Amino acid sequence: MKSMKRKVYRSLTIISIISIILVTSFLVLIFYNFHMERTKSFIKDYAHTVGNYLETSNLLLSENMIYNNTTIRATLIDSSGNILFDTYKDPVEMENHINRPEVQKALENGSGDSIRHSTTLEKDTYYYAILLSNNNILRLAQETDSMLSVFLKILPGVLLVLFLILFISAFISSFLGSKILTPINDIGENMENLLIKNELDTLDIYDELLPFIKTLVKQSEKINLQLKDIKERAHIMETIMSNMNEGLILVDNNKYILSINQSAMNLLNSSKDISYISKSFITLCRNIEINETIDTVFNDHKSHDLILQLNNKYIFFSISPVLSNDETLGAIILMVDYTEKYKAELIRREFSANVSHELKTPLTSINGYAEMIENDVAKEQDIKKFASIIKKEGNRLLDLIDSIIRLSKIEDESIKKELDLVDIYSVGKEILDNFHLMAKSKDIKLEFIGSKTVLRANKSMMEELIYNLLDNAIKYTNKGGLVTLKIFKDSPYTLIKVVDTGIGIPIEDQDRIFERFYMVDKSRGKQTNSTGLGLSIVKHIVEYHKGTIDLSSTPNKGTEITIKIQ
Ligand code: ADP
């Protein structure tokens, strides 16, 4: 994290130091030049005055004339560079001066100067030489402060100012930092209002920051819109997934669950209290076959289907890879409950087997008797009896075929059956009347209770339904019994009840009597010309009308079957 205060302080310090260096250099230069110029003009004037004095008085330069306790050094040099006199040193110790620049210049032009830096660097010496009329050279010299010396002299002051500036910079940067940052902090604190309510005017914002804030607001609006869109899509997806009857699971390429819907949990009987998201698929379903199939999908990048029997259900799995640029990102597992279809398929197979068996039995009997007649095995007096058995078995066969055809017609959903307003009261009464002869032969009393009732139904189906129920009731009721048909309205339902005082149905068979070809007592069925298809047809007719069947039966007491249709 960068601190703005620190940055301001650093900037101020750098600017201050650069300023101080520049000002100091400038001052050093000015002081040095000023000082040098003054020395130059003084020495020059002094040299000419002394020169004139020497010329006019025709005196020799001597100790009396220039005092060596002054800072000015005087040297008299002859035209060959030999020192004739010097106020600082004994001339004997001094070397020839002919090569000194100021001496050269004086010899050439009458006067000349030069500046030489001393070895200690702290002092510069200004030399000025003039050519006297006797061809001697008078040279005056004075030491001045060098630039470094000037700089060192002002250094304490400079350092003091520098520390002062650093201190002031720290103070200013802290003050400025807070002052500059306050409006920015305000923006930060009020960002929510700014972005949601677009309250730009309520804040004291720098003009320079406005474009930035506006872009931020625009971006935020865009993001909010996109977020809303994403949320809506997610919601739609979630709604679709949770309302699907099919189970749907999404796994990543490590078989970790990314998404799972309720139907999938139900199909796999998984605990509702556990969240399977981010857990491995194996924690949800331990079945090896399905786990291996998912691996196969990942390996060959193709969809695979399979049907498994899990928790008493037949489940169809369709596993498809989720591909992106030939890379498998995961898999979608679609699950459909196939139990009903599978069971229906089993029933269909069983039915086919039953049909062939049921058809074969009367046919074998017919064949047997016919063969006996053909081979003259039957005696004259038996032929009539055999013919009657053949006829009976033939009729049974016809009944059976007839029932099978009707059953398959009812089951055939592609055939649209017409629904009309049916006066079920009259229909019931008419059918019951047709049973009078049969009932009379068994000494059974028939009773009809009801009121005028009309319902929307398929008339011929309703006739068949009542016929089959009454036929059973009379068939399975012993002599002297009572069979009652009740038809009435219990708004919004129409109720059809057939009650008998017959042999009843054992409790263990009650669940199965609506299955095709199911008979409680097969041997009895043979005598009563039964096929075991009657109640199965009833069940399908009721299902077709979206109604319900209730059975209540007690062996040796009687049976009551109630049909309820809306
Ligand atoms: P079936 O042609 O044998 O009557 P159903 O499908 O109509 O075939 O009946 C199946 C079986 O249910 C019958 O074989 C019989 O054992 C039993 N059943 C049906 N109705 C009654 C009833 N009212 N009383 C006693 N048993 C009955």
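Keep in mind that this is a model prediction, so the values were computed, not measured.

## Here's the deal with the pattern of salt bridges
- For the structure on display, the rule yields 17 salt bridges.
- Salt-bridge contacts for R349 lead to E345; the nearest nitrogen and oxygen are separated by 3.5 Å. With R349 and E345 both in helix α9 (residues 339–374) and 4 residues apart, this pair spans about one turn of that helix.
- Here R349 falls in the exposed class, since its relative accessible area comes to 54%.
- The partly exposed category is assigned to E345, whose relative accessible area is 33%.
- Notably, a salt bridge pairs D423 with K452, separated by 2.6 Å at the nearest N-O pair. Residue D423 is located in strand β11 (residues 420–423), and its partner K452 is located in the loop between β12 (445–450) and β13 (454–457); the two are separated by 29 residues in the primary sequence.

## What about the sheet that holds strand β1 (residues 72–77)?
- What the 5 strands build is an open sheet, ordered β2-β1-β5-β4-β3; its pairing is antiparallel. Since the sheet does not close on itself, it has two edges, and those belong to β2 (83–86) and β3 (111–117), each with one partner. Adjacent strand axes in the sheet meet at a mean angle of 20°, parallel and antiparallel pairs treated alike.
- Contacts from helix α2 (residues 101–109) reach β1, β3, β4 (123–131) and β5 (137–145) within the one sheet, and its direction differs from that of β3 by about 170°.

## A few points about the packing of helix α11 (residues 424–434) against helix α13 (residues 459–475)
- In contact at an axis separation of 10 Å, α11 and α13 are set at 45° when each is read in the N-to-C sense. What the angle tells us is that α11 and α13 run oblique. Where α11 crosses over α13, the handedness of that crossing is right-handed. Of α13, the residues touching α11 (which contributes I424, V427, G428, I431 and L432) are K459, M462, E463, I466, Y467 and L470.
- Taken together, the residues that form the contact of α11 with α13 break down as 8 nonpolar, 1 polar and 2 charged.

What counts and what doesn't
Residues numbered from 1 in each chain as written. Predicted model: local features only at pLDDT ≥ 70, side-chain atom pairs only at ≥ 80, totals over all residues. Heavy atoms only, no water. Salt bridge = Lys/Arg side-chain N within 4 Å of Asp/Glu carboxyl O. Helix = DSSP H or I, 4+ residues; strand = E, 2+ residues; numbered from the N terminus. Buried < 20%, exposed > 50% of the residue type's maximum accessible area, 1.4 Å probe, protein only. Pairing = 2+ DSSP bridges. Axes fitted to C-alpha atoms, helices over the stretch in contact; angles between N-to-C directions. Contact = heavy atoms within 4.5 Å. Parallel < 35°, antiparallel > 145°, perpendicular 65-115°, else oblique. Left-handed = near helix turned anticlockwise from the far one by under 90°. Nonpolar A, V, L, I, M, F, W, Y, C, P; charged D, E, K, R; others polar.

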